[in-house]
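# Reading the structure
Okay, here's what each chain looks like letter by letter:
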Amino acid sequence: STVTMINLIDLTSIEAIRESWGDSKPSYTVFVAKAVAMALMEFPEVNKRLFKPLGFLPRKFQVFNTVDMAIASEVTDPKYAHVAYIGIMPDVHVKSLKQIQDWLRVFRKTESVEQWKIFSSVISKMPSFLSKIIVWLPTFYPKYWIKYRGGVCTISSPAKYGVDMLVAAWSSPIGISFGFVKDRVIVKKGKTVVVPSFNLTLNFDRRIISGAQGAKLIARISEIL
């Protein structure tokens, strides 16, 4: 079972940073990824997942000491339009905004990413039942989870298509998404103002994170943004 929490984020400060970069403006995913990584390092008690070793032994926690983040991407090949695909950005907690932006630029060229080559080969060249088993195997083995699924968090956003908000349950213990950036009316310091903003969504595994911990986490991410 999962819980979803949503905050409206004032992007005034982020827009100022983006403008200062000139023609090479960083994407909003850059800021969200960095904010989430910073918050996870401040709340190590939520930086973990539950799994069954070998698929049948009693559940136990896999604790993460770093932030290797899964980033969902659109697959550009029309024949794979139904496929959900992620890439793993390692050590986001120590990356600068520019390093995150550089990684995302390479990752979005789907056909050139090594993980996509492996994944697409598995799902296209193997029988369906076998490819499903292979894709699911990292769930049971901590080393392969880190390599092919990342750590505790997945970020996904359909914002560029005009979607205001995404609410979903994810295969990762924590799912983060954000919606379309547009001007919205808010009350700021007692005055009604119009600011650039988006809706930030946090979805989390209730077996791992309590409601109070989830609220603290999204509040901190929001504060950083």
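Quick summary incoming for the structure in this document. (Residues numbered from 1 in each chain as written. Predicted model: local features only at pLDDT ≥ 70, side-chain atom pairs only at ≥ 80, totals over all residues. Heavy atoms only, no water.)

## Concerning unusual backbone geometry
Although it is not a glycine, leucine 54 adopts a positive phi angle of roughly 65°. Relative accessible area serves as the criterion here: at 47%, leucine 54 is assigned to the partly exposed category. Even without being glycine, aspartate 91 reaches a positive phi, approximately 50°. Position of aspartate 91 among the secondary structure elements: in the loop between β5 (85–89) and α3 (97–107). Residue aspartate 91 is classed as partly exposed on the basis of its relative accessible area, which comes to 31%. (Buried < 20%, exposed > 50% of the residue type's maximum accessible area, 1.4 Å probe, protein only. Helix = DSSP H or I, 4+ residues; strand = E, 2+ residues; numbered from the N terminus.)

## Here's the deal with the environment of phenylalanine 61
Here phenylalanine 61 lies in strand β3 (residues 60–63). On the basis of relative accessibility, which here comes to 40%, the residue phenylalanine 61 falls in the partly exposed class. For the pair phenylalanine 61 and lysine 48, spaced 13 residues apart in sequence, the C-alpha separation works out to 6.4 Å. Apart from the residues within four sequence positions on either side, phenylalanine 61 is in contact with Lys48, Arg49, Leu50, Phe51 and Ile208. (Contact = heavy atoms within 4.5 Å.)

## Some thoughts on the nonpolar core
Ile174, Ile176, Phe198 and Leu200 are the most contacted members of the largest nonpolar core, which totals 50 residues. Residues contacting leucine 200, with those up to four places away along its chain left out, are Met5, Ile6, Asn7, Ile9, Val32, Ile176, Ser177, Phe178, Ile218, Ile221, Ser222 and Leu225. (Core = buried A, V, L, I, M, F, W, Y, C linked by side-chain atoms within 4.5 Å.)

## Description of a nonpolar patch on the surface
Residues Leu54, Phe56, Leu57, Met126, Phe129, Leu130, Ile133, Ile134, Leu137, Tyr141 and Tyr144 make up a contiguous nonpolar surface patch of roughly 990 Å² in combined accessible area. Ranked by residues supplied to the nonpolar patch, first place goes to helix α5 (residues 128–136) with 4 residues. Considering the arrangement of structural elements, one finds isoleucine 134 in helix α5. For isoleucine 134, a relative accessible area of 31% corresponds to the partly exposed category. (Patch = residues over 30% accessible without salt bridge, like charges linked within 9 Å, V, L, I, M, F, W, Y side chains within 5 Å. Areas by Shrake-Rupley, 256 points an atom, 1.4 Å probe, with all protein chains shown as cover. Salt bridge = Lys/Arg side-chain N within 4 Å of Asp/Glu carboxyl O.)

## Side note on the packing of aromatic side chains
Applying the stated criterion across every chain yields a total of 9 aromatic pairs. Between tryptophan 116 and phenylalanine 119, the ring centres sit 5.9 Å apart and the planes meet at 50°, which makes this aromatic pair tilted. Taken together, the positions of tryptophan 116 and phenylalanine 119, both in helix α4 (residues 114–125) and 3 residues apart, correspond to about one turn of that helix. The class of tryptophan 116 is buried, set by a relative accessible area of 6%. (Phe/Tyr/Trp six-rings, centres within 6.5 Å; stacked < 30°, edge-to-face > 60°.)

## Notes on the packing of α4 against α5
Axis separation between α4 and α5 bottoms out at 7 Å; the angle between their running directions is 150°. Our classification of the angle between α4 and α5 gives roughly antiparallel. Across the interface between the two elements, Phe119, Val122 and Ile123 from α4 touch Ser131, Ile134 and Val135 from α5. Here the residues of the contact of α4 with α5 are counted per class, giving 5 nonpolar, 1 polar and no charged. (Axes fitted to C-alpha atoms, helices over the stretch in contact; angles between N-to-C directions. Parallel < 35°, antiparallel > 145°, perpendicular 65-115°, else oblique. Nonpolar A, V, L, I, M, F, W, Y, C, P; charged D, E, K, R; others polar.)

## Observations regarding the side chain of serine 222
Inspection of the secondary structure assignment puts serine 222 in helix α7 (residues 211–224). Excluding residues that lie within four positions of it along the chain, serine 222 makes contacts with Asn7, Ile9 and Leu200.

## Thoughts on the pairing of β5
Of all 5 residues that make up β5, 4 are buried, and the element is covered over most of its length. Bridge count between strand β4 (residues 69–73) and β5: 5 bridges; the pairing is antiparallel. Note that in β5 the partner of serine 73 across the bridge is tyrosine 85. (Pairing = 2+ DSSP bridges.)

Keep in mind these numbers describe shape, not what the thing actually does.
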